[in-house]
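Here is how the chains run, residue by residue.
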Amino acid sequence: MQGKRIALLILGWLSLITGIIGIFLPLLPTTPLVLLAAWCFSKSSERFHNWLMNHKYFGPMVRDWQSGKGIPRKARNRAIILMWMGMGISMIIIGRLWATISLICIGVAVCTYLLRLPVRPEQPDDTSI
């Protein structure tokens, strides 16, 4: 059981660090990686899970997701626009038909998922990523 806990802690920290890097690199998805870290911490370390839940920037996102409230419409729309911009640039740079088709399929799947998520009303002090 201890090995599983350590593996989840390592995966949680790797996900969180990669998610933080994703804030600055447009092709790394920040939100799913932070949510994965929250799940890993919830199964392995109450201390780290509480820390993430009370974090100034990531806490509201994790709490809203876990409570089922959904995501702000503005954040969802921004994610879709930035995703397609990043994928468009990748399609141009790579210039291969198979890569373009793959990116389009992934983009459509992610867009479908994001558009099906519950949307919560914007709050005046909303600083969601």
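Just above, that's the structure.
A quick note: this is a predicted structure, and the numbers were derived from the prediction, not measured.

Looking only at helices and strands, the protein features 6 helices and 2 strands. Listing every helix and strand of the protein by position from the N terminus yields α-α-α-α-β-α-α-β. When its C-alpha atoms are laid out on the principal axes, the protein stretches across 45 × 40 × 25 Å. Residue burial in the protein is summarised as follows: out of 129 residues, 34% are buried. With the model as given, the accessible surface of the protein reaches about 8600 Å², and the carbon-plus-sulfur share is 69%. Taking the 14 positively charged and 5 negatively charged side chains of the protein as two groups, their mean positions are separated by 9 Å.

In this section: the packing of aromatic side chains. Note on aromatic pairs: each is described by the distance of the centres and the angle between the planes. Considering all chains together, one arrives at 4 aromatic pairs under this definition. A ring pair is formed by Phe41 and Phe48, whose centres lie 5.6 Å apart and whose planes are at 45°; its orientation type is tilted. Feature note: the residues Trp13, Phe41, Phe48 and Trp51 constitute an aromatic cluster, connected by ring pairs.

Before going further, it helps to examine the packing of helix H2 (residues 30-44) against helix H4 (residues 59-67). When two helices pack together, their arrangement is captured by the angle between the axes and the distance separating the axes. Closest axis-to-axis distance for the H2/H4 pair is 10 Å, and the angle between their directions is 75°. What the angle tells us is that H2 and H4 run roughly perpendicular. Of the residues in H4, those touching H2 at Thr31, Val34, Leu35 and Ala38 are Met61, Val62, Trp65 and Gln66.

A word on the nonpolar core. One finds Leu9, Leu16, Val34, Leu35, Ala37, Ala38, Phe41, Leu52, Met53, Phe58, Met61 and Val62 forming the largest nonpolar core, which totals 12 residues. The set of elements that each furnish at least two residues to this core consists of helix H1 (2-24), H2, helix H3 (46-53) and H4. When sequence neighbours within four positions are dropped, the list of residues in contact with Met53 reads Gly59, Val62, Arg63 and Gln66.

Relative to the helices and strands, Leu52 is located in helix H3. Exposure remark for Leu52: the relative accessible area of 0% places this residue in the buried category. For the pair Leu52 and Ile17, spaced 35 residues apart in sequence, the C-alpha separation works out to 12 Å. The residues touching Leu52, leaving out its near neighbours within four places in the chain, are Leu16, Val34, Ala37, Ala38, Phe41, Phe58, Gly59 and Val62.

With that out of the way, let us pick up the environment of Phe48. By the secondary structure assignment, Phe48 is in helix H3. Phe48 sits 36 residues away from Gly12 along the chain, and the two C-alpha atoms are 9.3 Å apart. Ignoring anything within four residues of it in the chain, the contact list for Phe48 reads Leu9, Trp13 and Phe41.

Now for the packing of helix H5 (residues 73-94) against helix H6 (residues 97-116). The contact between H5 and H6 brings their axes to 10 Å, and the two run at 175°. Taken together, the axis directions place H5 and H6 in an arrangement best described as roughly antiparallel. In this structure, H5 uses Arg76, Ala79, Ile80, Met83, Trp84, Met87, Ser90, Met91 and Ile94 to contact H6, whose residues at the interface are Ala99, Thr100, Leu103, Ile104, Ile106, Gly107, Val108, Val110, Cys111, Leu114 and Leu115. Its residues placed into classes, the contact of H5 with H6 shows 16 nonpolar, 3 polar and 1 charged.

Moving on to H4. Of the positions making up H4, those classed as buried are Gly59, Met61, Val62 and Asp64. Considering only its buried residues, H4 is in contact with H2, H3 and strand E2 (119-120). Note on H4: the residue one or two positions beyond its end, Gly68, has a positive phi of about 80°.

Rules of the game
Residues numbered from 1 in each chain as written. Predicted model: local features only at pLDDT ≥ 70, side-chain atom pairs only at ≥ 80, totals over all residues. Heavy atoms only, no water. Helix = DSSP H or I, 4+ residues; strand = E, 2+ residues; numbered from the N terminus. Buried < 20%, exposed > 50% of the residue type's maximum accessible area, 1.4 Å probe, protein only. Areas by Shrake-Rupley, 256 points an atom, 1.4 Å probe, with all protein chains shown as cover. Lys, Arg positive; Asp, Glu negative; His and termini not counted. Charge placed at Lys NZ, Arg CZ, Asp CG, Glu CD. Phe/Tyr/Trp six-rings, centres within 6.5 Å; stacked < 30°, edge-to-face > 60°. Axes fitted to C-alpha atoms, helices over the stretch in contact; angles between N-to-C directions. Parallel < 35°, antiparallel > 145°, perpendicular 65-115°, else oblique. Contact = heavy atoms within 4.5 Å. Core = buried A, V, L, I, M, F, W, Y, C linked by side-chain atoms within 4.5 Å. Nonpolar A, V, L, I, M, F, W, Y, C, P; charged D, E, K, R; others polar.

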